[in-house]
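# A structural walkthrough
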Amino acid sequence: MIEIKNLHARVDDKEILKGLSLTIPNGEVHAIMGPNGAGKSTLANVISGKDGYEITEGDILFHGQSVLEMEPEERAHLGLFLAFQYPVEIPGVNSMTFLRTALNAKRKANGEAELDGAEFLRIVKTAMKNLKIKDDFLKRSVNVGFSGGEKKRFEILQMQVLSPTFAVLDETDSGLDIDALKVVAEGVNMLRDPSRSFLVITHYQRLLDYIEPDVVHILADGKIQKTGDKNLALELEEKGYDAVIGDAA
Amino acid sequence: MTLIDTLKSTLADDTSANAKLFLDNGIPTPKIEKWHYTNLNNIMRTTWPFQKASHASQQSCGESDIRFFDGHATVCSVPDGVTILAEREASAHPILQSMRTQEFSKRDESLAALSHSQSTPLFILVDKKVEATLVLENFSMLKESVNFPHLCIAVTEAASLTLSSHSHSAGEAWSNILTQIHIANDASLTLMNLQNERKDTAHTSHTFIQAEEGSALNIYGMNIGGSLGRQTIDIDLNGKNIQTNIAAANLADGKQTQDFTIHMNHNHPSCDTNVFSRNVCRGRGQSVFQGKFYVAQQAQQTDAEMSCKSLLLSDRARADSKPELEIYADDVKCGHGATVGTLDSESLFYLMARGVPRKDAENLLVEGFIEEMLTRIPDDATAKIWRAHFAAWLAATYEG
């Protein structure tokens, strides 16, 4: 379970999140929709611990424990995961090495033995098959020369391998064609589980046809303006932000 | 007396042009353009008595084919088609003889001239159409000494030579290495130089290459050890259609200075050149990259690209980069790019968000940065060895 309480965050002198509160119980998928500049990516970055944001008020609790003072890797070890809107290209770093380093760092932090090559490979091969990723893919440098769709699929592959208990998907649908979108959504749906929750950030209702949310929130002007079920997303698609949330849009 | 004073008094009676060039100019100072960023003061100030090791007794070569001990060559094995020539035989070979009698004239070549005047070269001839690999080691055993390994190599028509060399030392020495190479028409040369001297050793190497029409040059270098590591590569492209690929890495830590200075003269049309440089500096380490493409008026359709990236890992680290183009032809494609920066914060966050601790994430990024250079080395076994040396460098914290 993740609880975000009255969160205020600023970048330099600009307040982006202005008292955002949100609770996602285990096993639920919540979607956040909102216009440009609403604070969606800021929320994703603040949850995962990126530098450059000042939290002036409020808290983020993960299974009852505050994560605000934790480094990004400590949050990852607890089971947080962020699927990036723009996955970063890292020349010279082999994708397989990266994935294995990440998984073993998490295992080590949680007192588990590091995996040997064969065990690791078994986990990765399964995930690759699920996501229709070719064998030679992981021989390449992290995200270097990947198409938009490949980058997003690699994000979901990392999520499957690292097996988080809470995942934030930051506009994972952006830049995807319909086939890639289906593969990515299936990859997410496979992980739906009573012990795992998701926060799906998106501009468009389309993604939610494939990843069906339990709850939909509308974020605008740094706060949750409206909460409803999946029909709220359909209403938004039909009427637009102005009509649904008024001035806050 | 400082080492330089001692050297000068030793050479006082030597009337050769090369000795004279050194006597007149001494050790290059930062006032000389090619040595602007690399200060040789520490070598000058050392008070070692100038010791030139006498001929080392026949030593084993370990896993190498040829080992230089304190500048003297021991040849243990030579592949078929490769001949080691005695001085008398070499004098009958016009190309090798011209190397033996070469007179350096530029002020910035005074160290090459010093080496030339003080050394007895090892002459290597690679026969026509032969494909040969030589593994070479430079080792300085004698403390407080200067050594002058010197190679003269002729790679004849359509032959191919791969020369892999590794320089290391027992410490407190100065290796001043001279290599002269001629690559005949359609021949190819792959040169791989790993400098990993002990931290109190200075290493200056001077490689002069004359390449003829249709030849191919692949040159890889890494400076890791030594208090000072300087690899100078001077190439004259004397014919059409010569392909050159160079990749170099400097790793500077503590108070080290690591330097690659590459000068290429494109004298004929249709040569393709690529120079790739990677530098990592931490502590108070300094890296230097100087690359110059000269393109003569008749060298049309030259395609030459130079890229240099430097990574600064501490506040007191320093990277000097000087890419230079001097072009007199009007139908060429020449470019250069240089960047200096710290680790990319977005990349760091990406790795940390996946659970990789900060220090490991930083190391992974530095590894990736150097891997881009290592991956260019066509010989996997050599790349693997260099990768291991680099990993040890990355894991160590350096004092001094």
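Read on for a plain summary of the structure. Predicted model only: the values in this text are computed from it and were never measured.

## Points about the overall build of chain B
Counting secondary structure elements, chain B contains nine helices and 20 strands. The C-alpha atoms of chain B give 21 Å as radius of gyration, which agrees with the globular expectation for 400 residues (21 Å, within 12%). Expressed along its principal axes, the backbone C-alpha trace of chain B runs to roughly 65 × 55 × 40 Å. For chain B, with 400 residues in total, the buried portion stands at 57%. Across chain B, the fraction of contacts at a sequence separation of at least 24, relative to all contacts at a separation of at least 6, is 83%.

## So, the sheet that holds strand 8 (residues 160-169) of chain B
Residues and elements named next belong to chain B. Strand order in this open sheet of 10 strands is 2-1-5-8-10-12-14-16-18-20, and the pairing throughout is mixed. Both edges of this open sheet fall to strand 2 (72-75) and strand 20 (333-341), since each of them pairs with a single strand only. With strand direction ignored, the average angle separating the axes of adjacent strands in the sheet is 10 degrees. Note that strand 5 (residues 131-140) and strand 8 share 10 bridges and pair parallel. From the neighbouring strand, Glu131 faces strand 8, where its bridge partner is Ser160.

## Details of the packing of helix 4 (residues 117-130) of chain A against helix 5 (residues 148-162) of chain A
Residue and element names in this part refer to chain A. Helix 5 packs onto helix 4 with a crossing angle of 135 degrees between their chain directions and a minimal axis gap of 9 Å. Our classification of the angle between helix 4 and helix 5 gives oblique. Relative to helix 5, helix 4 is oriented so that their crossing is right-handed. Facing helix 4, whose interface residues are Ile123, Val124, Ala127, Met128 and Asn130, helix 5 presents Leu157, Gln160 and Val161. The residue makeup of the contact of helix 4 with helix 5, split by class, is six nonpolar, two polar and no charged.

## Details of the nonpolar core
A general trend in soluble globular proteins is that nonpolar side chains are found buried together. Core analysis: the biggest nonpolar cluster contains 112 residues, and A:Ile47, A:Leu157 and B:Met222 have the highest contact counts within it. Broken down by element, this core gets its largest block of residues, eight residues, from helix 8 (residues 358-374) of chain B. When near neighbours in sequence (up to four residues on either side) are disregarded, A:Leu157 contacts A:Leu99, A:Val124, A:Ala127, A:Met128, A:Leu131, A:Ile133 and A:Leu138. In terms of nonpolar packing, the next biggest core, distinct from the first, is built from 41 residues, B:Leu136, B:Ile209, B:Ala248 and B:Cys271 among them.

## Quick word on the interface of chain A and chain B
With 30 residues of chain A at the interface, the matching set in chain B holds 19 residues. Summed over both sides, the interface of chain A with chain B buries roughly 2,000 Å², with 68% coming from carbon and sulfur. Broken down residue by residue, the surface that chain A buries against chain B is led by A:Lys50, A:Glu73 and A:Phe84, which jointly contribute 24%. Where chain A packs against chain B, one counts three salt bridges. Among the ionic pairs, B:Arg358 bridges to A:Glu71, the shortest N-O distance being 3.6 Å.

## Quick notes on the sheet that holds strand 3 (residues 29-33) of chain A
All names here are of chain A. If you walk across this open sheet you meet the six strands as 6-9-10-3-11-12, and the pairing is mixed. The open sheet terminates on both sides in strands that have one partner only, identified here as strand 6 (80-83) and strand 12 (223-228). The average angle at which neighbouring strand axes cross in this sheet is 20 degrees, direction not considered. As judged from the four bridges shared by strand 3 and strand 11 (residues 215-220), these two strands associate in the parallel manner. Each residue of the ladder has a partner; that of Met33, found in strand 11, is Ile218.

Definitions and limits used
- Each chain has its residues counted from 1, following the order in which its sequence is written.
- All chains are assigned letters beginning at A, and all ligands numbers beginning at 1, according to the order in which they are written.
- In keeping with the model being predicted, local features are shown solely for residues with a pLDDT of at least 70 and side-chain atom pairs are shown and tallied solely at 80 or more, while totals for entire chains, interfaces and linings include all residues.
- In computing side-chain values, all of the structure's heavy atoms are included and hydrogens and water are not.
- For helices the rule is a DSSP run of H or I covering at least 4 residues; for strands it is a run of E covering at least 2, with both sets numbered from the N terminus onward.
- All radius of gyration figures rest on C-alpha atoms, and the globule criterion is 2.2 Å times the number of residues raised to 0.38.
- Partly exposed describes any residue whose relative accessible area lies between the buried limit of under 20% and the exposed limit of over 50%, with all areas from a 1.4 Å probe on protein chains only and scaled to the type maximum.
- Any pair of residues with heavy atoms lying within 4.5 Å of one another is described as a contacting pair.
- Two strands pair under a simple rule: DSSP has to find at least two bridges between them.
- Axis definition: a line fitted to C-alpha atoms, limited for helices to the stretch in contact. Angles are taken between N-to-C directions and run from 0 to 180 degrees.
- Roughly parallel here means an angle under 35 degrees, roughly antiparallel means over 145, roughly perpendicular means 65 to 115, and every remaining angle is called oblique.
- Handedness of a helix crossing follows the sense of rotation of the near helix relative to the far helix, less than a right angle counterclockwise being left-handed and clockwise being right-handed.
- Any residue outside Ala, Val, Leu, Ile, Met, Phe, Trp, Tyr, Cys, Pro, Asp, Glu, Lys and Arg is labelled polar, Gly included; the first ten of those are nonpolar and the last four are charged.
- For the purposes of this section, nonpolar cores are sets of buried Ala, Val, Leu, Ile, Met, Phe, Trp, Tyr and Cys residues that join through side-chain atoms within 4.5 Å.
- Joining two parts hides part of their accessible area as seen by a 1.4 Å probe, and the buried area is that hidden amount summed over both.
- When a carboxyl oxygen of Asp or Glu is within 4 Å of a side-chain nitrogen of Lys or Arg, the pair counts as a salt bridge.

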